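Listed below, chain by chain, are the residues.
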Amino acid sequence: SQYSAVDTNPLSVYIMQPIWNKIIKIVPLWIAPNLLTFSGFVMILFNYFLISFYDWDYTASGTSPGLVPTWVWLFSAFTTFCAYALDSIDGKHARRTQSSTPLGELFDHGLDSWATSIFVLSFFSVCSRDNGKTGVSVYTMYIYLSIVLFNFMCSHWEKYNTGVLFLPWGYDISQVVLVAAYLLTGTVGVEVWQKPLLFGYYITDVLVILLIGFSLFLSFPQTLYNIHRAHLKKTLKNDSLYEGLLPLVSPLLLFVLLTVWVVLSPSNILAKQPRLFLWMVGVAFSNVICKVIICQMSSTRPELFHWFLFPLALVVYAAISGLLGCMEEAALGAFAALVTAAHVHYGVCVGRQLSEHLNIYIFSLKKRVQE
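Residues numbered from 1 in each chain as written. Predicted model: local features only at pLDDT ≥ 70, side-chain atom pairs only at ≥ 80, totals over all residues. Heavy atoms only, no water.

Q: Would you mind going over the packing of aromatic side chains with me for this structure?
A: The relation between two aromatic rings is expressed through the spacing of the ring centres and the mutual angle of the planes. All told, the structure shown has 26 aromatic pairs when counted by the stated rule. Where Phe41 meets Trp114, the ring centres are 5.4 Å apart and the plane angle is 45°; that geometry is what we call tilted. Taken as a pair, Phe41 in helix α2 (residues 33-54) and Trp114 in helix α5 (residues 102-127) lie far apart in primary sequence, 73 residues in all. Seen from their ring centres, Phe305 and Phe310 are 6.4 Å apart, and the 75° between their planes marks the pair as edge-to-face. Three or more aromatic residues joined by ring pairs form one cluster here, namely Phe46, Phe53, Tyr54, Trp71, Phe75 and Phe78. (Phe/Tyr/Trp six-rings, centres within 6.5 Å; stacked < 30°, edge-to-face > 60°. Helix = DSSP H or I, 4+ residues; strand = E, 2+ residues; numbered from the N terminus.)

Q: Whenever I open this one, empty space enclosed by the protein confuses me. Can you help?
A: The rolling of a water-molecule-sized probe over the atoms marks out the regions of remaining empty space. Using the criterion set out here, one finds one cavity of 30 Å³ or more in the structure. Taken as a whole, the largest cavity holds about 40 Å³ of empty space. Going through the elements one at a time, α2, α4 (70-96) and α5 are the ones with two or more residues in the lining of the largest cavity. Of the residues that constitute the lining of the largest cavity, the class distribution is five nonpolar, four polar and no charged. (1 Å grid on protein atoms, 1.4 Å probe; cavity = no way out; pocket = protein on both sides within 12 Å on 5 of 7 lines; lining within 4 Å. Points joined across faces, edges and corners; volume = space filled by probe spheres on them. Nonpolar A, V, L, I, M, F, W, Y, C, P; charged D, E, K, R; others polar.)

Q: Where do I start with helix α8 (residues 203-232) in this structure?
A: An α-helical turn contains 3.6 residues, so any two residues separated by three or four positions project in the same direction. Its 30 residues place the ends of α8 42 Å apart at the C-alpha level, agreeing with the 44 Å of an ideal helix rising 1.5 Å per residue. At Phe214, α8 shows its largest kink, close to 30°. Burial in α8 covers these residues: Ile203, Thr204, Val208, Ser215, Ser219, Thr223, Asn226, Ile227 and Ala230. Residues of α8 that are buried make contact with α5, α6 (138-162), β2 (165-166) and α7 (170-188). (Expected span 1.5 Å × (residues − 1). Bend = angle between axes of the 7 residues up to and from the residue. Buried < 20%, exposed > 50% of the residue type's maximum accessible area, 1.4 Å probe, protein only. Contact = heavy atoms within 4.5 Å.)

Here it is in structure tokens:
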């Protein structure tokens, strides 16, 4: 299917696009677009592990403000901006080098589906977890992450039904806010997040209100409206309601199972291991969405139940019934490792199959020799 995306965000159209159009001119023509996409993702990942090293349990900014060195925040601003730039120019570069392929589209959206959670998890280190005075509770973190992932899911569910990806306005805004937040933290210090800004509200409260506002009152209604409009125009990809709603089943069940675990965990697993738990949420979600993206691109039907749901259901049952006892953290670690390994393996396999099928290299513009 021909890739089509619509971007109506004024910030993107009037400010960022002209910047990207200048940056793209520097990129040598021999560089493969997928290399740009992947480099951006690796930067986000490296940055996430760097922050995790200094702040494993999300307490550094709250209890001991100097724990994360200033250069780490400035480096975060730099990597976030670079990843944002690379993610914004990879498609332009593909058109410039006449190398746009379904593999590139999948690579871009697939990595985005994982990067989305990593951006959020890195940012939590800035606001730190609740210490009684300032910070955000781990439950709030879980809810934010879920809202952001819900937004991402909506835009791809919409593309599954309409064939057009309407780029959510929240994307550019969130990237600019993230870069600004890291710069602010690096220059002023984490203390800036711990002083009330206006009327006793903290900056974090304002960002949260913005996030929820954008998601529930802008992105989601827009998605429903676009699908409704396609229905009226008779351009919907799927005739039946069942077909149209099918991709939502696995992500929603995933969310239900995870929430049951969070709420009913005997050892309060989210409070004990917030970083590990939220990482697992992000990876599991990314894999579920990647399958929807592939179905949407290949016009095939998504399966009703993603296979992750079965081992997850077992682990959740064993945890909340008390069967795991003191092994709950170990089980979370094992499940997080399983999901991460399965996701990486899946990505590598799909990439290889597509590169063989389309007879192209993933990271090079050289032509494959026909066998």
